[in-house]
Amino acid sequence: MTSIDLGERDLFGWHEALAKGDVHPAELVQASLDRIAAVDEQVHAFLTVTRKEALQEAEQVDVTLSPLAGIPAAIKDNICTQNVPTTCASRMLHNFRPPYDATVIQRLRTAGAIAVGKTNMDEFAMGSSTEHSAFGVTRNPWDLGRVPGGSSGGSAAAVAAGEVPYALGSDTGGSIRQPAAYCGVVGLKPTYGRVSRYGLVAFASSLDQIGPITRTVAESALVMNAISGVDLHDSTSAPVEVPDFTATLTGEVRGLRIGIISEYMGEGIDPSVRQAVQQAIQTFERLGAEIVEVHLPTTKHALAVYYLIAPAEASSNLARYDGVRYGYRTPQAKSVVEMYKQTRDEGFGTEVKRRILLGTYVLSAGYYDAYYKRALQVRALMKQDFDRAFEHCDVLLSPTTPTPAFAFGEKTADPVTMYLNDLCTIPANLVGIPALSVPCGFTPEGLPIGLQLMAKAFDEATLFRAGDAYERAAGFTGRLPELAA
Amino acid sequence: MMTETKLFCSCSTAFGAPPNTHVCPVCLGLPGVLPVLNRRAVELALMAALALHCEITPQERFDRKNYFYPDLPKAYQITQWDLPIGKNGYLEITTDEGIKRIGITRIHIEEDAGKLNHGVGGYSLVDYNRVGVPLIEIVSEPDLRSPREAQLYLEKLRSIMVYAGISDARMEEGSLRCDANISLRPLGSSVLGKRAEIKNVNSFRGVVRALEYEQQRQAEALQNGEVLHQETRRWDEDRGMTFSMRSKEEANDYRYFPEPDLVQLVIEDAMIAAAHAALPELPDAKQKRYIETFGLSAYDASVLTASKQTAAYFEAAVAAFPKDPKAVANWVMGDFSRKLNEAGLTADQAPLTPEQLAEIPALIDEGTLSSKMAKELFEKAWAKGASPRRIAQEEGMTQITDLSQLIDLARRVVAGNPKAVADVRAGKQKAMGALVGQMMKETKGRANPTLVHEALQQAIEEQTEG
């Protein structure tokens, strides 16, 4: 049997083929497993491949369940999957098998989707390059000498390498969009509260969201149809109606008001990125959108605010990894306190420790008001800034990242340079609005560039409509790199 | 609090289950789980805040209290830090000097921690059944002036919580716990001294003992010129002493911050109204009503209302015999309470229903039962768990109240005791007693004493005439 090339069709196409009986789900799963076997030694997108379970599910699945039924997917390794290792790419959880499924996993199961494995990431989703994985780096399929971005680097690389048609990632400050941009795929960070966080191992609870990584915007909408909606297990999930996101993909953006964030078009933005984004603006103009310039003065504080709030929440969220109940426990300790200290010293990597220290400090008595509370106040101001901007426009546009994918080791020496990578993506998390990264071109070296679109809270539909219209007109999406199998 | 399920998950809160059987991913704090607030817990806490006359915080917010301990699986406790559900309330205690108002600083909702069992086969084991059980912490103002007042305060607090169905408040099951703070100050001074917080007290008696000990210890220290520092001390029940655990400087920095996994809960007026409506009559109001409508003494009213079950029993009994609430009260507080105590029961567990108990004062009132017989009848009814009226009927325990039933007997007694009769005639009233005694013996005490006298007089007169 010659293996199917998963890149031949998109999700809509595979669903049609399955429904007609032209292909069997087992063939699709096998194609995914074959591709993983062929290229993942180079890419290392996966930490776990659930070959047996996936093939078993493929035999039994009812392909009429949903448009995703019988189609393989990859799951970021910080999303809990029952009895399947969920390590967060950390030594701390190297042996952790959750006794329960995350809500998104339950929803995918209900839809008949088939998970083929768990993807690599920066440890506990802290990082922008997947270099901070305890189990080795993931390589960018477009250039194996470069990072895939992070923290959902494994999910983005798996889609870009054609190993799966789509993957789930999580985004706390850009962790879906930045790797999507670096890998030339589509990534959505949904509105905070749109997708249940139940079962997503928490990094920063007020910022985390699960979202899809796909090859096209339309496919992103399709996956969102399956995973969105209020969940009784997540109090912060919103009881807001979920429209059929694919129904709004009309290709029509005439009259749509697109705001260009001037703060993200100037200094610090790589010329090739700026040029690609400017071309994208022209494309929108040509399609009949109205272009307006927008100022978001508080965005200059975004990075500072983020690096107070996210580590503060993380320091509390990651305190439970103490070696008492599950996960790694030092074999050395002679007392409880020693066990805590050594387990955490040996179980966590450098970047995680750095953020726990930072977060513990900013929450400490005497510093809380000056740092954490102040950060919350600035966050509220940022929200006002965005609210004002959305009075004049429907969609905000910027680069997803200031630069294309960088080389391994280029930014690990200086954490702040690494943090600057998230400059354009962080505000959407702080403000809680949806943001989409769509491929918008390539650098002269052939590296993908991402365009970021943001919309009002719970207005993913407009985001999808704009993104879909753009990608149809621009034609950069759906391209996959050549990888020697 | 008496919720069916835990504060943030649907695990049972039942006490006494085998270790780690009432647990789930959420209360075990496994990676990825999220808390969902139990509305019932908020309702009960709201009732508690209203019962203690607190101001209600309209928007409930929860915070994380961060610290490492093996009984705390998330390494933080979800609690309410700067916005407690209730604040600035009070309750009243009755001291020897009269009614005293004790300020309530705050009431907040939080989740319980697990339970450690040390030294089991060289290990410390942890039971997470209790983790996430909802509780309220009630902080009082420094208004209590003696260990006795502290005890009265605790008793009143417990009775309110039990009455309102907020908690079963059992110290032995840990559903009521107390950290007692004490400081001394020179006579006449209004500045409070450095306080010690006493932990590990397991009974009301223990609270009094620990405070008495600590009062003495601090007084001696101050008289010896020592400077006291704020500290936490541990009560050792067996040795009857407190020992320093940690000073204020050694206290944890809990790094409180708002819990991002929960959304703000707005307490609407309707919810407050519902909590008000759900509050039953509390002990203070009950006492007042007993005094005003039943004509009971303040003492009787306080005894009857000390336990919710006793008060309910008393009220049901009064309803069955409304003619004489005082007589019913005497029965409930007297033989009935004694029997309960002997059997270790609460009033609702008594073998006699309130309606059955009420039959006894009713029978006395009807004149068909003497008080001596009443005690005997009560014992029988208690032992059988049956209606006293029916027992009295079946066993012929009712009083003979018909003169005609006694006159024949009186004639025989008079005829059979010529000496005593002669003495009576000679004006020796003592001799009459012997005749009455004879009558009572013959009737097994069932004869109405007034009628016995009457029957004997008549029989003696008949003899004279004859």
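Check the entry above for the structure.
What you see is a predicted model; the values in this text were computed from it and never measured. (Residues numbered from 1 in each chain as written. Chains lettered and ligands numbered in written order. Predicted model: local features only at pLDDT ≥ 70, side-chain atom pairs only at ≥ 80, totals over all residues. Heavy atoms only, no water.)

Details of the nonpolar core
Convention followed: Residue types Ala, Val, Leu, Ile, Met, Phe, Trp, Tyr and Cys, when buried and joined through side-chain atoms within 4.5 Å, form a set referred to as a nonpolar core. The classification of residues rests on relative accessible area computed with a 1.4 Å probe and restricted to protein chains. Under 20% of the type maximum is buried, over 50% is exposed, and intermediate values are partly exposed. Residue contacts are counted whenever heavy atoms from the two residues lie within 4.5 Å of one another.
If you look at the biggest cluster of nonpolar residues, it comprises 144 residues, and the most contacted ones within it are Phe124(A), Phe284(A) and Leu396(A). Apart from the residues within four sequence positions on either side, Phe284(A) is in contact with Val253(A), Ile258(A), Ala289(A), Ile291(A), Leu397(A), Leu451(A), Leu453(A), Ala466(A) and Tyr470(A).

A closer look at a nonpolar patch on the surface
Residue and element names in this part refer to chain B. Put simply, the rule is: Patch building starts from residues that exceed 30% relative accessible area and form no salt bridge, then joins like charges within 9 Å and nonpolar side chains (Val, Leu, Ile, Met, Phe, Trp, Tyr) within 5 Å. Here the Shrake-Rupley method, with its probe set to 1.4 Å, supplies the accessible areas, and only the displayed protein chains count as covering residues. Each reported salt bridge corresponds to a side-chain nitrogen of Lys or Arg within 4 Å of a carboxyl oxygen of Asp or Glu. Helix numbers and strand numbers start at the N terminus; a helix is a DSSP run of H or I with at least 4 residues, a strand a run of E with at least 2.
On the surface, Val120, Tyr123 and Leu125 cluster together into a nonpolar patch covering about 300 Å² of accessible area. Summarising the element assignment, Val120 is placed in strand β7 (residues 115-120). Classification of Val120 as partly exposed rests on a relative accessible area of 38%.

Quick look at the pairing of strand β9 (residues 395-399) of chain A
For a regular strand, the rule is simple: side chains alternate between the two faces of the sheet. All names here are of chain A. Put simply, the rule is: Strands qualify as paired when DSSP identifies two bridges or more between them.
The element β9 is extensively covered by neighbouring structure, given that 5 of its 5 residues are classed as buried. Two elements, strand β7 (residues 257-261) and β9, share 3 bridges in a ladder whose sense is parallel. Residue pairing across strands places Ile258 opposite Val395, the latter belonging to β9. Across 5 bridges, the pairing between β9 and strand β11 (residues 448-455) is antiparallel. Within the sheet, the bridge partner assigned to Ser398 lies in β11 and is Gln452.

Side note on the sheet that holds strand β6 (residues 98-111) of chain B
Residue and element names in this part refer to chain B. A sheet is described by the order of its strands in space; here 4 strands give the open sequence β1-β5-β6-β9, paired in antiparallel fashion. Two strands in the sheet have a free side with no partner beyond their single neighbour: β1 (55-56) and β9 (134-140). Direction of pairing for β6 relative to β9: antiparallel, over a ladder of 7 bridges. Looking at β9, one finds that Ile109 is bridged to Ile136.

Examining helix α4 (residues 103-110) of chain A
All names here are of chain A. Listed as buried for α4 are Thr103, Val104, Ile105, Arg107 and Leu108. Where α4 is buried, its residues touch β2 (72-76), β4 (166-171), β6 (209-214) and α7 (217-227). Immediately beyond the C-terminal end of α4, within one or two residues, lies Gly112, with a positive phi of roughly 85°.

Observations concerning the packing of aromatic side chains
Put simply, the rule is: For Phe, Tyr and Trp, rings pair up if their centres lie within 6.5 Å, where Trp contributes its six-membered ring, and each pair is then called stacked (planes under 30 degrees apart), edge-to-face (over 60) or tilted (otherwise). The criterion for a charge sitting over a ring is simple: Lys NZ or Arg CZ within 6 Å of the ring centre, and within 35 degrees of the ring normal.
Applying the stated criterion to the full structure yields 31 aromatic pairs over all chains. Centroid distance Tyr67(B) to Tyr254(B): 5.7 Å. Interplanar angle 70°. Geometry classified as edge-to-face. Taken together, the positions of Tyr67(B) in the loop between β3 (63-66) and β4 (76-79) and Tyr254(B) in the loop between β13 (241-247) and β14 (257-258) put the pair 187 residues apart, joining distant regions of the chain. Among the residues examined, Tyr254(B) registers a relative accessible area of 21% and is labelled partly exposed. Put simply, the rings of Phe96(A), Phe124(A), Tyr321(A), Tyr326(A) and Phe348(A) touch in pairs and so form one group of aromatic residues. The ring centre of Tyr254(B) lies 4.3 Å from the NZ or CZ of Lys65(B), which sits over that ring. The positively charged end of Arg101(B) is found above the aromatic ring belonging to Tyr90(B), 3.6 Å away from the centroid.

Observations concerning the environment of Val431(A)
All names here are of chain A. Its place among the elements puts Val431 in helix α14 (residues 426-431). On a C-alpha basis, the gap between Val431 and Thr477 in space is 28 Å, while along the polypeptide they are 46 residues apart. For Val431, the residues in contact, after removing those within four places along its chain, are Met382, Lys383 and Phe386.

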